[in-house]
Amino acid sequence: MDGFKKLLRDSVQLRLSMTLSLAILIVALMAGIFAFVSAINEAHEMQDDTLRQVAVLFDRQQMTLHYPAAQEVEGDNEESRVIVQYLIDGSQAIGHDDSSMPLPFPTTLANGLSTQNVAGEDFRVLVRTTSRGERIVVAQETDARNKEARESAWRSSLPFLILFPVLLLVVGDLVRKLFRPIATLSAEIDQRDDQALYPVDERHLPTEIRPFVVAINRLLARVALSMENQRRFIADAAHELRSPMAALSLQAERLAATQMPEPARQRLLPLSRGIERSRNLIHQLLALAAAQSNTDRLQTAVSVHAVYRRVLEDLLPLAERKHIDIGVESIEDVQVIINEMDLLILVKNLVDNAIRYTPQGGRIDLSVERIQETTILRIKDSGPGIVVDEHTRVFDPFYRSLGTDETGSGLGLSIVKAIAERTGARVQLGFSNEAQQSGLRVSISLQKANAADPAHD
Ligand SMILES: Nc1ncnc2c1ncn2[C@@H]1O[C@H](COP(=O)(O)OP(=O)(O)O)[C@@H](O)[C@H]1O
Ligand SMILES: [Mg+2]
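Keep in mind that this is a model prediction, so the values were computed, not measured. (Residues numbered from 1 in each chain as written. Chains lettered and ligands numbered in written order. Predicted model: local features only at pLDDT ≥ 70, side-chain atom pairs only at ≥ 80, totals over all residues. Heavy atoms only, no water.)

K.L.:
Would you mind showing me how to read the site of ligand 1 here?
P.N.:
Around ligand 1, the surrounding shell holds 17 residues, and the nearest of these are Asn353, Tyr357, Arg400, Gly410 and Leu413. Within the side chain of Asp381, a nitrogen or oxygen atom sits 2.8 Å from a nitrogen atom of ligand 1. Between Gly410 and ligand 1, the recorded distance is 2.7 Å, taken from a backbone N or O atom to an oxygen atom. In isolation ligand 1 has 530 Å² of accessible area, and contact with the protein removes 96% of it. Of all the secondary structure elements, the ones that give two or more residues to the shell around ligand 1 are helix H8 (340-357) and helix H9 (412-423). Take the shell around ligand 1: its biggest share by element is three residues, from H8. (Near = heavy atom within 4 Å. Polar contact = N/O pair within 3.5 Å; in protein donor to acceptor, adjacent residues only side chain to side chain. Areas by Shrake-Rupley, 256 points an atom, 1.4 Å probe, with all protein chains shown as cover. Helix = DSSP H or I, 4+ residues; strand = E, 2+ residues; numbered from the N terminus.)

Laid out in structure tokens, this is it:
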């Protein structure tokens, strides 16, 4: 019960539905009761009228009464019958077991309507003195009258009984429809990824929630601005670090070229490696900041094979050192509409990973194909692959799987993710060898907007 109270307090929709339903229930109940009571009264009045009319008719027609032997009339409801008889002395009738004989009404009855109990049965009775001076009784069993009145009363309150569930359904549906924009809105916001800070479209929203959404939009704008500032700070910091690191690296190179004792040379080696790693980290940080910034970039029709070739030219020495067989598998080239630098950086980071994490003598295949409107780039290696549990985490900045001796910044896949999000590409990880669950297969799907018209191929 407490749970329900809390639910009621927390949900405007539930509160509105409940209040409206209760109001409808009360109104329908009151209207139903009113209809019921007035229908009963009306029925009784009509029945009294019938008694009066029968009495008047009897009087006018100057009828005389005989009491024939009781006979069953087919379909005649004996109880609801109107009885007409002379007002005779009750004692005459008592003990008579012939049911057709007059009922023993007390002769002292005054003219007019009344309810009488005769022989254990209640009767509505009208006594009238005819123009011939006889007193007649027109009577009807009250049970039968009540039964008829009740039936007619039920019939008149029936519409309200039907109206109640219909109105409930209408109200429930209406309330649900009224709150649908909120559900749609939250679904829309839920679907966004964390970089999508563009304002929520508030035009089609009800005026009651619009101020709230406008405030949220202002907050989103502030968050976007502060994120942009943070990105710029990182980019600036990386940029500032670049020159001193380059100088350091140059100095280390010069130092290596000079004469020096063997122990000094041995210490120089890790120093140079450290400097190289730091330079690489700075380079990747700058690349990530650039990938995440929302500046407009020139989009052109780019040949995927040309991009593959450029990446291979850059990374071939690395692959050859490890005796890795690397090459483009697909025969037909595909053109996509994208910023060339974006695609280059994206592919380069993936191929760089493939070379780094594939053991000596491994194999890497690059391919591209167009399936209807979608262009799919695939990079498959024969390395260990990435376990499914880590498929989302490897895209986080600085996340590196344990158990690898490769040096790296942990930023490569974050850069890939940032570019993919900005260009609307979808990146999926899988195994190049499903059966053995080994080898990483990265698929990048570029949708219709990125597909160049085949006529220009
Ligand atoms: N081709 C691959 N095969 C196996 N593991 C990979 C591959 N590519 C990426 N990974 C894993 O994902 C992690 C994150 O990759 P990345 O963001 O490029 O950072 P980095 O390469 O600098 O470590 C890597 O540390 C590695 O564990
Ligand atoms: Mg990497």
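Don't stop here, the text continues.
K.L.:
Would you mind showing me how to read the pattern of salt bridges here?
P.N.:
Side chains that differ in sign of charge can pair as their charged atoms come close. Per the stated rule, a full pass over the model turns up 21 salt bridges. In this structure, the salt-bridge partner of Arg356 is Glu406, at a minimum N-O distance of 3.3 Å. Taken together, the residues Arg356 in helix H8 and Glu406 in the loop between strand S9 (374-381) and H9 connect sequence positions 50 residues apart. Residues joined by salt bridges that share partners form a network here, namely Asp48, Arg124 and Arg145. (Salt bridge = Lys/Arg side-chain N within 4 Å of Asp/Glu carboxyl O.)

K.L.:
When you look at the UniProt feature "domain: HAMP" (unreviewed entry) in the protein chain in this model, what are you seeing that I'm missing?
P.N.:
Mapped onto the present numbering, the UniProt feature "domain: HAMP" (unreviewed entry) falls at residues 176-228. Along residues 176-228 one finds 66% helix and 0% strand; the C-alpha atoms at either end are 39 Å apart. (UniProt positions renumbered as here; feature names shortened; annotations may be inferred.)

K.L.:
Is there a simple way to think about the environment of Leu169 in this case?
P.N.:
Positionally, Leu169 belongs in helix H4 (residues 142-191). In this structure Leu169 comes out as exposed when scored by relative accessible area, which is 66%. Counting along the chain gives 58 residues from Leu169 to Asn111, while the straight-line C-alpha distance between them is 55 Å. (Buried < 20%, exposed > 50% of the residue type's maximum accessible area, 1.4 Å probe, protein only.)

K.L.:
What's the story with the side chain of Asp59 in this structure? I'm lost.
P.N.:
Structurally, Asp59 is set in helix H2 (residues 12-60). Given a relative accessible area of 11%, Asp59 falls into the buried group. Not counting chain neighbours up to four residues away, the residues in contact with Asp59 comprise Arg128, Thr129, Thr130 and Ser131. (Contact = heavy atoms within 4.5 Å.)

K.L.:
Please clarify how the packing of aromatic side chains should be interpreted in this entry.
P.N.:
Within a pair of aromatic rings, the relevant descriptors are the distance that separates the centres and the angle that separates the planes. Applying the stated criterion to the full structure yields two aromatic pairs. Between Phe36 and Trp154, the ring centres sit 5.0 Å apart and the planes meet at 65°, which makes this aromatic pair edge-to-face. A residue pair is termed long-range when its members are at least 10 positions apart, and Phe36 in helix H2 and Trp154 in helix H4 qualify at 118 residues. According to the relative accessible area criterion, Phe36 is partly exposed, its value standing at 21%. On the basis of an interplanar angle of 85° and a centroid distance of 5.9 Å, the ring pair of Phe105 and Phe123 is categorised as edge-to-face. With Phe105 in the loop between helix H3 (90-93) and strand S2 (112-118) and Phe123 in strand S3 (residues 121-129), this pair connects stretches of sequence that are 18 residues apart. Like Phe123, Phe105 is buried. (Phe/Tyr/Trp six-rings, centres within 6.5 Å; stacked < 30°, edge-to-face > 60°.)

K.L.:
Before we go on, may I ask you to explain the sheet that holds S9 in this structure?
P.N.:
For sheets, the rule is that strands pair by backbone hydrogen bonds, running either parallel or antiparallel. Read from one edge of the open sheet, five strands run S6-S8-S9-S11-S10, paired in mixed fashion. Of all the strands in the sheet, just strand S6 (325-328) and strand S10 (426-433) have a single pairing partner and so form its edges. Ignoring which end each strand starts from, the neighbouring axes of this sheet average 20° apart. In the sheet, S6 pairs with strand S8 (residues 363-371) via four bridges, with the strands oriented parallel. Residue pairing for S8: Asp325 is matched across the bridge by Arg363. Relative to the sheet, helix H7 (residues 304-321) contacts S6, S8 and S9, its axis offset from that of S6 by approximately 170°. The strands touched by H8 are S6, S8, S9 and strand S11 (438-446); relative to S9, the strand with the most contacts, the crossing angle is about 25°. (Pairing = 2+ DSSP bridges. Axes fitted to C-alpha atoms, helices over the stretch in contact; angles between N-to-C directions.)

K.L.:
Is there a simple way to think about the packing of helix H6 (residues 262-292) against H9 in this case?
P.N.:
If you want to describe how two helices pack, look at the angle between their axes and the distance between the axes. The N-to-C vectors of H6 and H9 enclose an angle of 15°; their axes lie 8 Å apart at closest approach. Taken together, the axis directions place H6 and H9 in an arrangement best described as roughly parallel. Judged by the twist between their axes, the crossing of H6 over H9 is left-handed. Facing H6, whose interface residues are Gln284, Ala287, Leu288, Ala290, Ala291 and Gln292, H9 presents Gly412, Ser414, Ile415, Ala418, Ile419 and Arg422. In terms of residue class, the contact of H6 with H9 is built from seven nonpolar, four polar and one charged. (Parallel < 35°, antiparallel > 145°, perpendicular 65-115°, else oblique. Left-handed = near helix turned anticlockwise from the far one by under 90°. Nonpolar A, V, L, I, M, F, W, Y, C, P; charged D, E, K, R; others polar.)

K.L.:
Would you mind showing me how to read the packing of H8 against H9 here?
P.N.:
Interaxial distance between H8 and H9 falls to 9 Å at its minimum, and their mutual angle equals 150°. You can see that H8 and H9 cross each other, and the crossing is left-handed. Every residue of H9 that contacts H8 at Asp342, Ile345, Leu346, Asn349, Leu350 and Asn353 is listed here: Gly412, Leu413, Ile415, Val416, Ile419, Ala420, Arg422 and Thr423. For the contact of H8 with H9, the residue count by class is eight nonpolar, four polar and two charged.

K.L.:
How do you make sense of the sheet that holds strand S4 (residues 135-141) when you look at a structure like this?
P.N.:
Taken in spatial order, the four strands line up as S1-S4-S3-S2 in an open sheet, and their pairing is antiparallel. Each edge of the open sheet carries a strand with a single partner, namely strand S1 (83-86) and S2. Across the sheet, the mean angle separating the axes of adjacent strands is 30° when strand polarity is ignored. With seven bridges connecting them, S2 and S3 associate as antiparallel partners.

K.L.:
Help me understand the pairing of S10, please; the structure alone is not making it clear to me.
P.N.:
Looking down a regular strand, the side chains alternate between one sheet face and the other. Examined bridge by bridge, S10 and S11 share seven bridges and lie antiparallel to one another. Counted as the bridge partner of Leu429 is Val442 from S11. Here S10 folds back onto S11, and the loop between the two strands holds four residues, one of which, Gln437, carries a positive phi near 55°.

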